[in-house]
Amino acid sequence: MKIFLIGFMGSGKSYWGRQLSEKLHIPFFDLDEQVESHEGKAINEIFAEKGEEYFRLQEMDTLHIISESHDSFVMATGGGTPCYFNNIEYMKKEGTTIWINTPVELLFERLLKEKNKRPLIKELDDAQLKGFIIKKFSDRKIYYEQAELVVDEAEKNMEKILDKLFHE
């Protein structure tokens, strides 16, 4: 069983991924952490030194390496992962994709607190951040909506996620 959690940055993919992997007794991978480990640098540094395109290529390579070397896992992908290089199609072919759909207001509250850790938003003021979230979310939604399962923020608890996973 391969489970890919997709959704906007700040939607809780890593948190829920760890919970799900524990419950299912299968490994958990945070794709961003795996890229950082492989590169020996934080994502902020990768973006600053080599740019977003380089990062997206490393992200795709890491996604493929993990998928092809493990039979079962839960993976928290980056917010943009499904939007590049047909990654959404690849993930759907390899396993089950779950979109953690979080309202823009909640994303804004969460991302305000962690701006410095995120290369795409660290330089934005509050108003710019809100605009960025609305625009990017709107751009990426077409990819997120391709997930086999959708878990809305209101129903985010482990039982609901497991129920959707095994009964839909």
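Relevant structure appears above.
Here's a quick rundown of the structure. This is a predicted model, so every value here is computed, not measured. (Residues numbered from 1 in each chain as written. Predicted model: local features only at pLDDT ≥ 70, side-chain atom pairs only at ≥ 80, totals over all residues. Heavy atoms only, no water.)

A tally of helices and strands in the chain yields seven helices and five strands. Relative to the compact-globule value of 15 Å for 168 residues, the chain shows a C-alpha radius of gyration of 15 Å, a close match. Across its three principal axes, the chain shows a C-alpha extent of roughly 40 × 35 × 25 Å. The buried share among the 168 residues of the chain stands at 49%. (Helix = DSSP H or I, 4+ residues; strand = E, 2+ residues; numbered from the N terminus. Rg over C-alpha atoms; globule rule 2.2 N^0.38 Å. Buried < 20%, exposed > 50% of the residue type's maximum accessible area, 1.4 Å probe, protein only.)

This part is about the packing of helix α1 (residues 13-24) against helix α7 (residues 158-167). Here α1 crosses α7 at 70°, and the two axes come no closer than 11 Å. What the angle tells us is that α1 and α7 run roughly perpendicular. Read as a crossing pair, α1 and α7 show a hand that is right-handed. Here Trp-16, Gln-19, Leu-20, Lys-23 and Leu-24 of α1 lie close against α7, whose contacting residues are Met-158, Glu-159, Ile-161, Leu-162, Leu-165 and Phe-166. The residue makeup of the contact of α1 with α7, split by class, is eight nonpolar, one polar and two charged. (Axes fitted to C-alpha atoms, helices over the stretch in contact; angles between N-to-C directions. Parallel < 35°, antiparallel > 145°, perpendicular 65-115°, else oblique. Left-handed = near helix turned anticlockwise from the far one by under 90°. Contact = heavy atoms within 4.5 Å. Nonpolar A, V, L, I, M, F, W, Y, C, P; charged D, E, K, R; others polar.)

As a further point, take the environment of Gly-95. Position of Gly-95 relative to the elements: it lies in the loop between α4 (87-94) and β4 (96-101). Gly-95 sits 21 residues away from Val-74 along the chain, and the two C-alpha atoms are 9.8 Å apart. Excluding residues that lie within four positions of it along the chain, Gly-95 makes contacts with Lys-2, Phe-4 and Glu-148.

This part takes up the sheet that holds strand β3 (residues 73-76). Pairing in this open sheet of five strands is parallel, and the strands run β2-β3-β1-β4-β5 from one edge to the other. In the strand order of this sheet, the two ends are held by β2 (28-30) and β5 (149-152), each with one partner. Each neighbouring strand pair of the sheet contributes to a mean axis angle of 20°, computed without reference to strand direction. Together, β1 (2-6), β2, β3 and β4 form the strand contacts of α1, whose direction differs from that of β1 by roughly 160°. (Pairing = 2+ DSSP bridges.)

Phe-8, Met-75 and Ile-133 are the most contacted members of the largest nonpolar core, which totals 25 residues. Contributions of two or more residues to this core are made by β1, α3 (43-69), β3, α4, α5 (104-113) and α6 (126-144). The element that contributes the greatest number of residues to this core is α6, accounting for five residues. Counting 16 residues, the second-largest nonpolar core is a separate cluster that includes Ile-26, Phe-28, Ile-98 and Ile-100. (Core = buried A, V, L, I, M, F, W, Y, C linked by side-chain atoms within 4.5 Å.)

Once that is clear, we can look at unusual backbone geometry. Despite not being glycine, Phe-85 has its phi angle at roughly 50°, a positive value. Mapping Phe-85 onto the fold places it in the loop between β3 and α4. One non-glycine residue, Asn-86, lies in positive phi territory at about 55°. Mapped onto the elements, Asn-86 comes out in the loop between β3 and α4.

Another point: α3. Helical geometry note: an α-helix holds 3.6 residues per turn, so side chains three or four residues apart project in the same direction. Given a rise of 1.5 Å per residue, 27 residues ought to cover 39 Å, yet the end C-alpha atoms of α3 are separated by just 23 Å, more than 12% below that figure. At Lys-50, α3 shows its strongest bend, of approximately 120°. (Expected span 1.5 Å × (residues − 1). Bend = angle between axes of the 7 residues up to and from the residue.)

This brings us to the pairing of β5. The alternating pattern of β5 places Leu-149 and Val-151 on a buried face and Val-150 and Asp-152 on a face that is not buried. In this structure, β4 lies alongside β5, joined through four bridges in parallel fashion. Paired with Ile-98 across the strands is Leu-149, a residue of β5.

The next point concerns the environment of Leu-165. Mapped onto the elements of the fold, Leu-165 is located in helix α7. For Leu-165, a relative accessible area of 12% corresponds to the buried category. Placed 116 residues apart in sequence, Leu-165 and Glu-49 show a C-alpha to C-alpha distance of 39 Å. Sequence-distant contacts of Leu-165, defined by excluding residues within four places in its chain, comprise Met-1, Ile-3, Leu-24, Thr-96, Ile-98 and Leu-149.

Read these as layout, nothing more, since geometry by itself doesn't imply function.
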